[in-house]
Amino acid sequence: MSEKFSLSVDGSTHTVTADPGTPLLYVLRDDLGLNNPHFGCGLAQCGACTVHLDGQPIRSCVTPVSAAGNGKITTLAGLGTPEKPHPLQAAYIEEQVPQCGYCINGWLMTAAAFLRDTKKPTEAQIKDALSGLKCRCGTHLAILRAVKRAAAMMG
Amino acid sequence: MISIAKLNRPSRRALLKSGGALVVSIGAPMPLQLARAAEEAWLVGAQPPLTPDQLSSYIAVNADGTISIFSGKTDLGQGLQVALAQMVAEELDVPFTAVKVVTGDTASSVNQGGASSASGIQEGGKQLRAAAAEARRVLVELAAEKLGVSAAQLVVDGGVVHSNTEMAKSVSYAELVGGRYFNVTLAWNGKIGNPLYAPGKARPKDPKDFKIVGQPIKRQDIAPKVFAQQDFCTDIKVPGMVHGRMIRPAVAGAMPVNVDESSIKDIPGARVVWNQGFLGVVADKEWDAIKAARDLKVTWSNPTPPFPDQASLYDHIRKAPVRKSETEGRPVGDVDAAFKNAARVIEAEYEWPFQSHASMGPACAVVDIKADQVTLWTGSQKPHFTRDGVARILGVPPEKVHGIWILGPGSYGRNDAGDCAIDAALLAKAVGRPVRLQYMRDQGTGWDPKAPASIHRARAAIDASGKVIGYEFTSKAFPRVDVNSNESAPHDTLAGQLTGVPLKSGDGFGVPEESYGFANKRTGYWETIAPLLDRGSPLRTSHLRDPIGPQVHFASESFMDELAAALNLDPVEFRLQYVSEPRDIAVIKAAAEKAGWQPAPSPRKGQGGNTVSGRGFAYVQRHGTRLAIVANVDVDRSSGKIWPRKFTVAHDCGQIINPDGLVRVIQAGVVQGISRTLWEEVKFNNKNVTSVDWQSYPILDIAEAPEAIDVVLIDRPEIAPSGAGEPAIRPVAAAIANAVFDATGVRIRRVPFSPDNVKSALS
């Protein structure tokens, strides 16, 4: 049975009607027309669908819309803008990180929460925080360089 | 929903009209104050046919003085667009920022083969460079007539042609051409795809005059990705569109015998499309399509399970009848006599598993069939061929299909994107609505065309003095292309095979590329065997990045290391004794020097403890490119885990267009090579492929990333650029295997070097 949900996404509130079991990813993409969270696996194994729910990275491909509750959802589009980039976004451009870029939500949204909570992280801490995310193009080294650069920018 | 207007690429006409004061109206070229014969001959108001022999098919000077270039190559995120713009800006003497690159749209570019064989610059750039040089020649001739100055006295700076004695005597490209099309015929070689070449009369610039080529200009496509403004193929939405999902059998080769459509009657808008083995569903909402595909009750036929046990894969290859064999190139000397006279013969055999493209996301395509026009949005890296495939499966002429390439979720060869486009076309035709089809993860990994599994045998004849007097290398393998490297023919697609199109399996393999000057040498022989399942197989083979390259050179370069060890020689010194080409010698020396290589035979002596370290060397060629690589690894003996700690690459692909982009492409290629070496193996049982996600098809995790990949670029401006997108993967497995041998004294001859495999090899 479909239900109504009121979702706060990137600072705007949207009302959608959906089956409560619908993964948040499809509500964001289909009902709200947001393209940035991507379908990679539907199994919480890759990170391409990652958004923040109340500041914590979640895999929207396995999170039912009903579990988003009254929480605040932030997508990559809400992380920063060309005018006011998040340090990670600036670092990603500086380090020319992505190739195809389809994986980008996982890395940026996970790293954003990590760097917010962990100042001056070690390389081992960074690798641990990002472990499990997938990049098939093999940009691993560039990702690490960018996260270190952003960490330095964030003090 | 994205509007169509946003998604459609600007038309040629719109591009030509763009700009402020110089806008011209459609179909009405700027009136000429002085009609000149040359102008009438070289410029026209209406676009000449989009054929490979027309200069206008590659390049246009827009009304605002910007340059548009149209490439049938696609940029998968490796910076090709920047490199192409650099090459064109250089030839035309315009700023880099004046060049706009349009790629992979069948309405604006000819078939240059798409992304293929690392030829974006090697072939695609070569053609655009030739076209730009010809455009400059024509523009300077036009300026000469307009200014009354001989062409020899004219120079071009920033898109303005002026006299070299009187700066004031000048005219801009925009003033000369703006808004009209070149009407210049090129000397086309009659080929399409990668080998297409159509030069004009002009010679490209002398590299000593380069100002833009060779500069580390940054990519323009990064920021849109970082700010979530980049539309991928998966983001295409068109009015009236429905979402599709395909249904594949649990047992490969099984066909649906009964489909109970009532099982999904409660899912809004869900419909079934069934034709022989082709089975899919559509629904208005994507999640509903997924549910319908999951819930649809299907009764399948019960075929004999088609596959051997995975454990017997290599035995199967050894024993299977040879379907095709070939000797490429000519043997050197008398190999048989060398082995007869040998004081010692060394031999080894190597094994490589099936591997999957396992793209970041499963493929997606959108097909919109209208009465007079079919539009295809695809992430397939060869969109002109995809266009042809869609036309054929729909039975319409190719010119009625507009193929638009949009970045897909990763693309490393013939992945699942091509099949997805053809499937989407059949769904769209069946339901009479535009269809967006995305595969699911298990289909992306489980049902993409696979890189072939193979075995390789190498043997060497050594004389009494320790000299290699004979070398032989052979392969026996599944063919590199059960299905072609593009999807233009229905028999090369799952949809075609599942709807009864007569089969026509491809064949072929490949051989090592190196310059070892052994006196007697036979390395060109290969044998291929029949596929395990001839129709609709999840183990059908096709090109995965550097097709057959990693397999063959894992074996050939591991074997060189085995020879060096057997002769108690340093691996670098051994290679330098036999490598004969100066460019090969240069990369070998450069890599060794940069890595601080200290000569010593492997294995390393005197290491104790659980974690041991080693260094390994490999060198390869690929289609003109040469590189050498040093791997430094740590091996945890008790767990079998390898940490590929550091790599050093020396890379020579001739003339370097963009060193910054090149380094990144090499580094990412090495990482993908590490992943394929340490982790990647398509698992299967006798019924089907069981590698269906990232747990069952693991790739290199970021926690295992090397701490550094140092790259030494050897620039050779006088040598035409060759490819870089694939060569760096090629030597990685051998370098790691050689490093593991150096560390442990144990030779691993089967990929992947997963902890379990390494542990059992060490025990």
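All of these numbers come straight from a predicted model, not from anything done at the bench. (Residues numbered from 1 in each chain as written. Chains lettered and ligands numbered in written order. Predicted model: local features only at pLDDT ≥ 70, side-chain atom pairs only at ≥ 80, totals over all residues.)

1. A look at the overall build of chain B
Consideration 1: Secondary structure assignment for chain B yields 20 helices and 26 strands.
Consideration 2: The C-alpha atoms of chain B give a radius of gyration of 28 Å, which matches the 27 Å a tight globule of 763 residues would have.
Consideration 3: Referenced to the eigenvectors of the C-alpha coordinate spread, the extents of chain B come out at roughly 85 × 75 × 45 Å.
Consideration 4: Scored against the burial criterion, the 763 residues of chain B give a buried share of 58%.
Consideration 5: Partitioning the intrachain contacts of chain B with sequence separation of at least 6 by distance along the chain shows that 79% fall at a separation of at least 24. (Helix = DSSP H or I, 4+ residues; strand = E, 2+ residues; numbered from the N terminus. Rg over C-alpha atoms; globule rule 2.2 N^0.38 Å. Buried ≥ 20, exposed ≤ 12 C-beta atoms within 10 Å, placed from the backbone. Contact = placed C-beta atoms within 7 Å.)

2. Section: the overall build of chain A
Consideration 1: A count of helical and extended segments in chain A gives 6 helices and 5 strands.
Consideration 2: Helices and strands in chain A line up, N terminus first, as β-β-α-β-β-β-α-α-α-α-α.
Consideration 3: A globule of 155 residues ought to have a C-alpha radius of gyration of about 15 Å, and chain A, at 15 Å, matches this closely.
Consideration 4: When its C-alpha atoms are laid out on the principal axes, chain A stretches across 45 × 30 × 25 Å.
Consideration 5: Split into buried and exposed, the 155 residues of chain A put 56% on the buried side.
Consideration 6: Counting only contacts in chain A whose residues sit at least 6 apart along the sequence, the fraction spanning at least 24 positions is 60%.

3. Let's talk about the sheet that holds strand β24 (residues 625–636) of chain B
Residue and element names in this part refer to chain B.
Consideration 1: With mixed pairing, 4 strands are arranged side by side in an open sheet as β23-β24-β25-β26. Every interior strand has two partners, whereas the edge strands, β23 (611–622) and β26 (708–713), have only one. The average undirected angle you get between the axes of adjacent strands in this sheet is 15°.
Consideration 2: The pairing of β23 with β24 spans 12 bridges and is antiparallel. Bridge pairing links Thr611 to Asp636 in β24. (Pairing = 2+ DSSP bridges. Axes fitted to C-alpha atoms, helices over the stretch in contact; angles between N-to-C directions.)

4. With respect to the domain arrangement of chain A
Residue and element names in this part refer to chain A.
Consideration 1: Assigned domains within chain A: domain 1 (3–78) and domain 2 (80–153).
Consideration 2: Spacing between the C-alpha centres of domain 1 and domain 2 amounts to 21 Å.
Consideration 3: Contacts between domain 1 and domain 2 engage 14 residues on the former and 11 residues on the latter.
Consideration 4: Of all elements in the fold, only β3 (50–53) and β4 (56–59) reach the threshold of two or more residues within the side of domain 1 that touches domain 2.
Consideration 5: Here the side of domain 1 that touches domain 2 gets 3 residues from one element, more than from any other, and that element is β3.
Consideration 6: Taken together, the residues of the side of domain 1 that touches domain 2 break down into 7 nonpolar, 7 polar and no charged. (Domains from an automatic or database assignment. Nonpolar A, V, L, I, M, F, W, Y, C, P; charged D, E, K, R; others polar.)

5. Some points on the interface of chain B and chain A
Consideration 1: On the chain A side, the residues contacting the 47 residues of chain B number 48 residues.
Consideration 2: Looking at the side of chain B that touches chain A, the elements with two or more residues in it are α7 (222–226), α8 (286–295) and α18 (659–678) of chain B.
Consideration 3: In terms of residue count, α18 of chain B provides more of the side of chain B that touches chain A than any other element does, 7 residues in total.
Consideration 4: When the residues that make up the side of chain B that touches chain A are grouped by side-chain class, the tally is 22 nonpolar, 14 polar and 11 charged.

6. With respect to the sheet that holds strand β19 (residues 435–438) of chain B
Residue and element names in this part refer to chain B.
Consideration 1: If you trace the 7 strands from one edge of the open sheet to the other, you get β11-β12-β9-β19-β16-β17-β18, paired in mixed fashion. Among the strands making up the open sheet, the edge pair consists of β11 (271–275) and β18 (401–405). Recorded for the sheet is a direction-independent mean angle of 20° between the axes of neighbouring strands.
Consideration 2: As judged from the 5 bridges shared by strand β16 (residues 364–369) and strand β17 (residues 374–378), these two strands associate in the antiparallel manner. By the bridge assignment, Ala365 is partnered in β17 with Thr378.
Consideration 3: Of the strands in this sheet, β9 (242–246) and β12 (278–283) touch α8, which is tilted by about 145° from β12.
Consideration 4: Docked against the sheet, helix α11 (residues 383–394) engages β16, β17 and β18, running at close to 145° with respect to β18.

7. Some words on the nonpolar core
For soluble globular proteins, the rule of thumb is that nonpolar side chains tend to be buried together.
Consideration 1: Residues Ala365, Ala591 and Val649 of chain B are the most contacted members of the largest nonpolar core, which totals 268 residues.
Consideration 2: Look past the residues within four positions of Ala591 of chain B in its chain and what remains in contact with it is Ala628, Ile629, Val630, Thr648, Val649, Ala650 and Val712 of chain B. (Core = buried A, V, L, I, M, F, W, Y, C linked by C-beta atoms within 7 Å.)

8. Some words on the domain arrangement of chain B
All names here are of chain B.
Consideration 1: When its domains are assigned, chain B resolves into domain 1 (4–226), domain 2 (233–301 + 363–439), domain 3 (310–353 + 449–528) and domain 4 (563–762).
Consideration 2: For domain 1 versus domain 4, the separation of C-alpha centres amounts to 40 Å.
Consideration 3: Listed as interface residues are 23 residues of domain 1 and, on the opposing side, 19 residues of domain 4.
Consideration 4: Elements supplying a minimum of two residues to the side of domain 1 that touches domain 4: α4 (80–92) and α5 (120–147).

9. Observations concerning unusual backbone geometry
Consideration 1: Here Ser602 of chain B and Pro603 of chain B are connected by a cis peptide whose omega angle stands at 0°.
Consideration 2: As for its position among the elements, Pro603 of chain B is in the loop between α17 (582–595) and β23.
Consideration 3: With an omega of 5°, the peptide bond running from Val751 of chain B to Pro752 of chain B counts as cis.
Consideration 4: Phi is positive for Ala44 of chain A, close to 60°, though the residue is something other than glycine.
Consideration 5: Of note, Ala44 of chain A is situated in the loop between α1 (24–31) and β3.
Consideration 6: Positive phi is not limited to glycine here, since Ser117 of chain B has a value of about 55°.
Consideration 7: Within the secondary structure, Ser117 of chain B is located in the loop between β4 (99–103) and α5.

10. Points about α8 of chain B
Consideration 1: Taken across its 10 residues, α8 of chain B has 8 buried, putting it largely inside the fold.
Consideration 2: Along α8 of chain B, the positions that sit buried rather than exposed are Glu286, Trp287, Asp288, Ala289, Ile290, Lys291, Ala292 and Ala293 of chain B.
Consideration 3: Elements that come into contact with the buried residues of α8 of chain B comprise α1 of chain A together with β9 and β12 of chain B.

11. Observations concerning the environment of Phe39 of chain A
Consideration 1: Its place among the elements puts Phe39 of chain A in the loop between α1 and β3.
Consideration 2: C-alpha of Phe39 of chain A to C-alpha of Pro20 of chain A: the two residues are 19 residues apart in sequence and 19 Å apart in space.
Consideration 3: Not counting chain neighbours up to four residues away, the residues in contact with Phe39 of chain A comprise Leu25, Ala48, Cys49 and Cys61 of chain A together with Thr234, Gly361 and Gln438 of chain B.

12. With respect to the pairing of strand β21 (residues 468–477) of chain B
Residue and element names in this part refer to chain B.
Consideration 1: Burial analysis of β21 places 10 of its 10 residues in the buried class, which makes it a mostly covered element.
Consideration 2: Strand direction decides the pairing type here: strand β20 (residues 454–462) and β21, joined by 9 bridges, are antiparallel. Bridging from a neighbouring strand, Ala458 pairs with Phe473 of β21.
Consideration 3: Where β20 hands over to β21, the hairpin turn is made up of 5 residues, of which Gly466 adopts a positive phi near 90°.
Consideration 4: Taken together, the 6 bridges between β21 and strand β22 (residues 521–528) define a ladder with parallel strand orientation.

13. Considering helix α15 (residues 549–566) of chain B
Consideration 1: The end-to-end C-alpha separation of α15 of chain B is 25 Å, in line with the 26 Å expected for 18 residues at 1.5 Å each.
Consideration 2: With its phi angle positive at about 60°, Asn568 of chain B sits one or two positions after the end of α15 of chain B. (Expected span 1.5 Å × (residues − 1).)

14. Remarks on the pairing of strand β25 (residues 641–652) of chain B
All names here are of chain B.
Consideration 1: Across 11 bridges, β24 lies against β25 in antiparallel orientation. Bridge assignment links Arg626 to a residue of β25, and that residue is Asp652.
Consideration 2: Relative to β26, β25 is paired through 6 bridges, and the arrangement is parallel. Across the sheet, His651 pairs through a bridge with Leu713, a residue of β26.

15. A closer look at the packing of α4 of chain B against α5 of chain B
Residues and elements named next belong to chain B.
Consideration 1: It is at 8 Å that the axes of α4 and α5 come closest, and there the two elements cross at 25°. When the axes of α4 and α5 are compared, the pair comes out roughly parallel. Our pair here, α4 against α5, has a crossing hand that is right-handed. The segment α4 lies against α5, with Leu80, Ala83, Leu84, Met87, Val88, Glu91 and Leu92 engaging Gly120, Ile121, Gly124, Gly125, Leu128, Arg129, Ala132, Ala133, Ala135 and Arg136.
Consideration 2: In terms of residue class, the contact of α4 with α5 is made up of 11 nonpolar, 3 polar and 3 charged. (Parallel < 35°, antiparallel > 145°, perpendicular 65-115°, else oblique. Left-handed = near helix turned anticlockwise from the far one by under 90°.)

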